[in-house]
Structures are given as structure tokens and as C-alpha cells.
Amino acid sequence: MYGAAFPLALSLSFAEDACVLGYPVYFHQGFENCETLKSQEGVHALITFSGRWIESAYDACATISRCHEWLFLITSSDRTLPNVMEKISLPRLCSNEYMNVLYLLFLDLVLLELLRLAG
């Protein structure tokens, strides 16, 4: 999971539950060393609620998206990146708190699917 500190912090409970089910989750905050990233197996997600992460460092985000075969973009921004497998569009809301709740509910849906796959 790639993103700013707060969206990644919201993902910690999800990551712990996914790891218990046998799906390791790794976090990468910020843009440091993006040029040295190597492709890794698994599904990757770049999370930017407002899209500011893409706007402030498009080249670094594009490097991340080109590096991985399975990359999801989770954002409310209209902007996209190259090589994104799926863009998960979040609604634009007037309240950050509502956005946080929607994101947590989205992660719960992903976790339910992981539980289903685990049998």
C-alpha cells in the first residue's frame, strides 16, 4: 500500500487481519527511493483520497504504477496514472470524516472477500 500517513494509518487494522489470513500487506509512505522500486508479487494499492499525492509528485506516482503489474488506484480525483489495473473512485465529500468512514467500509468489503477466498 502506497500513500500518505493518514490513509495508511487507517489501513492498519485491515493489514493485521489480512496478514492473519495469510495475505501479507506492506506499507510505503512518501516518495523516497521510488526510482529504486522493484516489481513485487501481489496486489498493490496507491491511496490518495483527494488526489493531492498525485498532483504533488506525479512522476513518483507514475514510477510506482509502472513498477507493479497489479496496481489499484483509490482516489476521488479525476486524474489517473499509467498502468493502473483498476481505479476505485471515491465520492467527493464535504467532510473528511465521511471519506474516512467510506474508506474503512471499503477495506471491510475487501477483507470479507479475502475471508471468502480463504474458505
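Treat the numbers as computed from the prediction; the structure is a model and nothing was measured.

Criteria and thresholds
Residues numbered from 1 in each chain as written. Predicted model: local features only at pLDDT ≥ 70, side-chain atom pairs only at ≥ 80, totals over all residues. Heavy atoms only, no water. Core = buried A, V, L, I, M, F, W, Y, C linked by side-chain atoms within 4.5 Å. Buried < 20%, exposed > 50% of the residue type's maximum accessible area, 1.4 Å probe, protein only. Helix = DSSP H or I, 4+ residues; strand = E, 2+ residues; numbered from the N terminus. pLDDT = per-residue confidence, 0-100. Polar contact = N/O pair within 3.5 Å; in protein donor to acceptor, adjacent residues only side chain to side chain. Contact = heavy atoms within 4.5 Å. Salt bridge = Lys/Arg side-chain N within 4 Å of Asp/Glu carboxyl O. 1 Å grid on protein atoms, 1.4 Å probe; cavity = no way out; pocket = protein on both sides within 12 Å on 5 of 7 lines; lining within 4 Å. Points joined across faces, edges and corners; volume = space filled by probe spheres on them. Nonpolar A, V, L, I, M, F, W, Y, C, P; charged D, E, K, R; others polar.

Looking now at the nonpolar core. With 19 residues, the main nonpolar core has Met1, Phe14, Ile47, Phe49, Ile74 and Tyr103 as its most contacted residues. If you list the elements that add at least two residues to this core, you get α1 (5–10), α2 (12–20), β3 (44–48) and α5 (96–118). In terms of residue count, α5 provides more of this core than any other element does, 6 residues in total. Tyr2, Leu46, Trp53 and Val84 belong to the second largest nonpolar core, which has 10 residues in total.

Attention now goes to unusual backbone geometry. The residue Asn83 is not glycine, and still its phi comes out positive at about 65 degrees. Tracing the backbone shows Asn83 in the loop between β4 (71–75) and β5 (86–89).

A few words on the confidence of the model for the protein. Chain-level statistics for the protein give a pLDDT mean of 86 and a share of 95% at 70 or above. Taken element by element, the predicted model of the protein shows its lowest mean pLDDT in strand β2 (residues 28–29) (84) and its highest in α2 (92).

Note that Thr48 resides in strand β3. A polar contact is formed between the side chain of Thr48 and the backbone nitrogen of Gly51, at a distance of 3.1 Å. Contacts of Thr48, omitting those with residues within four sequence positions, involve Trp53, Ile54, Leu73, Ile74, Thr75 and Ser76.

Per the stated rule, a full pass over the model turns up 3 salt bridges. Among the salt bridges present, the one from Glu55 reaches Arg79, with a minimum N-O distance of 3.4 Å. Taken as a pair, Glu55 in helix α3 (residues 52–56) and Arg79 in the loop between β4 and β5 lie far apart in primary sequence, 24 residues in all. Classification of Arg79 by relative accessible area gives partly exposed; the value is 34%. Arg116 serves as the salt-bridge partner of Glu113, at 2.5 Å between the closest nitrogen and oxygen. Of this pair, Glu113 and Arg116 both sit in helix α5, 3 residues apart, roughly one helical turn.

Moving on: the layout of surface pockets. Over the atoms, a rolled probe matching the size of one water molecule traces out where space is still vacant. When its volume is computed, the largest pocket comes out at roughly 730 Å³. Around the largest pocket, the lining comprises 26 residues; the ones closest to its centre are Pro24, Gly42, Val43, His44 and Ala45. Elements that contribute at least two residues to the lining of the largest pocket include exactly β3, β4 and α5. With 5 residues, α5 is the largest single contributor of residues to the lining of the largest pocket. Its residues assigned to classes, the lining of the largest pocket shows 19 nonpolar, 5 polar and 2 charged. For the second largest pocket, the calculated volume is near 340 Å³. Mapped by element, the contributors of at least two residues to the lining of the second largest pocket are α1, β3, α3 and α5. Considering every element that reaches the lining of the second largest pocket, the biggest residue donor is α5, with 3 residues. Of the residues assigned to the lining of the second largest pocket, the class counts are 8 nonpolar, 6 polar and 2 charged.

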